[in-house]
Amino acid sequence: MKNSKQNYTNETFSHIYIEKDALNYSLTNEVISKLNKSKIIYIDNYNEIFSRKNQNPFLQKLSPSLILAVKKGDFIYKGSNLCHNFEQQDFYYTNFIVNCLYDCDYCYLKGMNFSSHILFFVNLSDYFNELRRLIVEKGKLYLSISYDSDILLFDGIYPFLKEWIKFAKENPLITIEIRTKTSNYKKFLNYSPIDNLIITWSISPQEVISKYEKNTPSLERRLIAISQLLKKGWKINLALDPILYIGENWSDKYKEFINSITENINIKEINAITLGVFRIPADYLKRFKKFFESSISFFPYQTINGVSTYPEELKNEMIKFVYSELKNIFDKTNIYIL
Amino acid sequence: MLYIISAMGIETQSIIKYLDLKKTKDRPFETYQNKEATLVISGVGIINAAGATSYLLKDTLKGLNHCDYAINLGICGSLNNKFNVGDLVLANKVVDYERKRKYYSDILVKHNLKEGSIQSINSLNVDYEFEEDLVDMEASAFFQIASKFLNVHQIYVLKIVSDKVSKNKPVERLTKNYIDELIQGKLEEIFTFTKSVGSLLKKFQPLVQQQDEEIIQKVSKSLKLTFSQINQLENAYAYFKSNKKVSPLFLKEYFNYIPKSKKERDAIFEKLKAELYK
């Protein structure tokens, strides 16, 4: 089955579901005015749409709707032990956008969420208030703001970037990380680089991108974006994560991939590199198998303590190989492995 | 399979003719059928609608139901000026007025229909608040019960506005001819929409189909696989199919193979698994 858009599927965001409470926020009006062809449906709570159990996230990927809601309860979460913490004690993440228009076969969001519709929380100011409180409490914070979405895809309709850059400038004790696969680097050219905002580019061999990262920019385009922002002085990390087993000649492909990185960017200017093989909570993998059809879902992984990943021997071999290739060209103290 | 549920016989008269459906049952609900569609007449009101929906969809949970979809089709009143008499409206929000429960179809398919919200009420009077665009007496019960069988992209409410409801006006009596004409005028639009839904569902079917399940079952039975081995086989089968984009038909070799011992079975199983993961 090919997951291609057909004439009979609706456009992305053909429908916008809006919580009645979200109508009180100017951001809601801004989003609606930019998507003025969409049909609007009023809801009481985003979970009426987002958390329904009888929906098919695979089909929703063909025609995702948008949900505008007001986040209540927790705004900031402790970072998962499945993520890199850069040896930072106070490592947190937040999610004001949930789900993504990219369609990566290995993405944990597909196992975590019941829906593939995109969820925007419009009360950004509440996030900032909570963060200010947390900075006072903890002193220093490392905060990822794009684990639950590739947020840069949405800046055109949800202009959050200027807000976060402003917040980072005003609060030097927080380091903000934005993780992305985008090739659209130009939005950053509107701002001066700041030391406490890191852009982490998730990159993979082109074969992985073509096969498992549908709708995402090519490796070449991502590397162009990285090199442009490096030249402008932005702090950039590379995430070679997840490293995937792509057949018996996987190591040749990854060697080739690392060569293409060094050919296209000045790797010495990179701030840090993170490495990790595909890993996922076993419960999420179950949902992959129920709805999604990539071979990634059905590999014979090993499950230990509720986390499924490659068998130990294969995992070690993959990490060791990629690490040894990287340490020849990059300061190994800035390579983080999970 | 398209499942249609309508409250009154007069709402279905032209549909039965258009789809060339044949009557199959009188009780408990009047039912009409052909190879691609089943229609049931529920009677008016939420209890009838719930009962008929359950009756109509009772078999879908047993088999693979990804190609099935259900539609509540009929007339409704309009509560505001967004819609006029004669409009065909696809409900994007269905509200159970008394119980304050809400249901939403996942409208993934492209269409040219008008969309609006509908509230379902228990009894015919105008004492209720006009909270949504339309009003009827079945949609919410249909949706609630259909949701137990199908996913939300497989459940739709299509209504034709038959009259304008007003707080100061008694409920209108509609003639049979009038209702039939309203439905007749919208048949093309209704079934263009259902065709699109059917095409979408047919195009995007799950990886493992009924014939695949049969292969897995036959191999498991003949090799006398354990529960855990069957799970592993299902996974390996799906891996092969997702990778190679075809079914592993070589497994048919094992349909009649009876291992002499558990040891032999385990050895064959490991070999077979290795083939699937190659």
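Procedures and definitions
- Residues numbered from 1 in each chain as written.
- Chains lettered and ligands numbered in written order.
- Predicted model: local features only at pLDDT ≥ 70, side-chain atom pairs only at ≥ 80, totals over all residues.
- Heavy atoms only, no water.
- Axes fitted to C-alpha atoms, helices over the stretch in contact; angles between N-to-C directions.
- Helix = DSSP H or I, 4+ residues; strand = E, 2+ residues; numbered from the N terminus.
- Parallel < 35°, antiparallel > 145°, perpendicular 65-115°, else oblique.
- Left-handed = near helix turned anticlockwise from the far one by under 90°.
- Contact = heavy atoms within 4.5 Å.
- Nonpolar A, V, L, I, M, F, W, Y, C, P; charged D, E, K, R; others polar.
- Salt bridge = Lys/Arg side-chain N within 4 Å of Asp/Glu carboxyl O.
- Buried < 20%, exposed > 50% of the residue type's maximum accessible area, 1.4 Å probe, protein only.
- pLDDT = per-residue confidence, 0-100.
- Expected span 1.5 Å × (residues − 1).
- Arc of directions from axis to C-beta.
- Pairing = 2+ DSSP bridges.

As recorded in an unreviewed UniProt entry, chain B goes by the name Nucleoside phosphorylase domain-containing protein, listed as coming from Petrotoga olearia DSM 13574.

By the naming in an unreviewed UniProt entry, chain A is Spore photoproduct, taken from Petrotoga olearia DSM 13574.

A. Molecular detail of the packing of helix α1 (residues 9-19) of chain B against helix α5 (residues 187-203) of chain B. All names here are of chain B. As a packed pair, α1 and α5 sit with axes 11 Å apart at the nearest point and diverge in direction by 60 degrees. By the angle between their axes, α1 is oblique relative to α5. As α1 packs across α5, the resulting crossing turns out to be right-handed. Here Ser-14, Ile-15, Tyr-18 and Leu-19 of α1 come into contact with α5, specifically with Leu-187, Glu-188 and Phe-191. Among the residues making up the contact of α1 with α5, the classes are represented as five nonpolar, one polar and one charged.

B. The pattern of salt bridges, seen in detail. Scanning the entire structure with this criterion turns up 33 salt bridges over all chains. Measuring nitrogen to oxygen at the nearest pair gives 2.9 Å for the salt bridge that ties Asp20(B) to Lys22(B). As a salt-bridge pair, Lys93(B) and Glu132(B) come within 3.8 Å of each other at their nearest N and O atoms. Of this pair, Lys93(B) sits in strand β6 (residues 88-96) while Glu132(B) is found in the loop between β8 (114-120) and β9 (134-136), placing the two residues 39 residues apart along the sequence. Residue classification places Lys93(B) among the buried positions, given a relative accessible area of 3%. What you see here is one network of salt bridges that share partners, running through Glu130(A), Arg133(A), Glu137(A) and Lys138(A).

C. Local environment of the confidence of the model for chain B. The pLDDT averaged across chain B works out to 93; a share of 99% of its residues lies at or above 70. Under the prediction, the complex receives an ipTM of 0.93, its pTM being 0.94.

D. Local environment of helix α8 (residues 262-277) of chain B. Residues and elements named next belong to chain B. Here α8 spans 22 Å end to end across 16 residues, near enough to the 22 Å set by a 1.5 Å rise per residue. Within α8, burial applies to Arg-265, Ile-268, Phe-269, Leu-272, Lys-273, Leu-276 and Tyr-277. For α8, the angular spread of the buried residues around the axis is 165 degrees, confining them to a single face. The exposed set on the far side of α8, more than 90 degrees from its buried face, consists of Lys-263 and Lys-271.

E. How the structure looks around the pairing of strand β5 (residues 91-94) of chain A. Residues and elements named next belong to chain A. Side-chain alternation along β5 places Phe-91 and Tyr-93 on one buried face and Tyr-92 and Thr-94 on a second face that is also buried. Judged from the three bridges that link them, strand β4 (residues 76-78) and β5 form a sheet pairing that is antiparallel. When the bridges of β5 are listed, Lys-78 appears paired with Tyr-92. Here β5 runs beside strand β9 (residues 141-144); their pairing, made up of three bridges, is parallel. When the sheet's bridge partners are listed, Tyr-93 is paired in β9 with Ser-144.

F. The arrangement of the side chain of Gln144(B) in detail. Within the element layout of this structure, Gln144(B) appears in helix α3 (residues 139-146). Not counting residues within four places of it along the chain, the set of residues in contact with Gln144(B) comprises Arg99(B), Arg101(B) and Tyr103(B).

G. Broad picture of the sheet that holds strand β15 (residues 279-281) of chain A. Residues and elements named next belong to chain A. The strand order across the open sheet built from three strands is β15-β17-β16, with neighbouring strands paired in antiparallel fashion. Taken across any chain shown, the strands that pair with only one partner, and hence form the sheet edges, are β15 and β16 (302-304). Here the strands of the sheet are splayed against their neighbours by 30 degrees on average, with no regard to which way each runs. Pairing between β15 and strand β17 (residues 307-309): three bridges, direction antiparallel.

H. The sheet that holds strand β1 (residues 15-19) of chain A, seen in detail. Residues and elements named next belong to chain A. Read across the open sheet, the five strands follow the order β2-β1-β3-β8-β6; overall the sheet is mixed. Pairing within the sheet leaves two strands with one partner each, and these edge strands are β2 (39-43) and β6 (97-98). Where β1 meets strand β3 (residues 66-69), three bridges bridge the pair, whose relative direction is parallel. Looking at the pairing, Tyr-17 lines up with Ile-67 of β3. The sheet contacts of helix α1 (residues 26-34) involve β1, β2, β3 and β8 (118-121), and relative to β3 the element is tilted by about 160 degrees.

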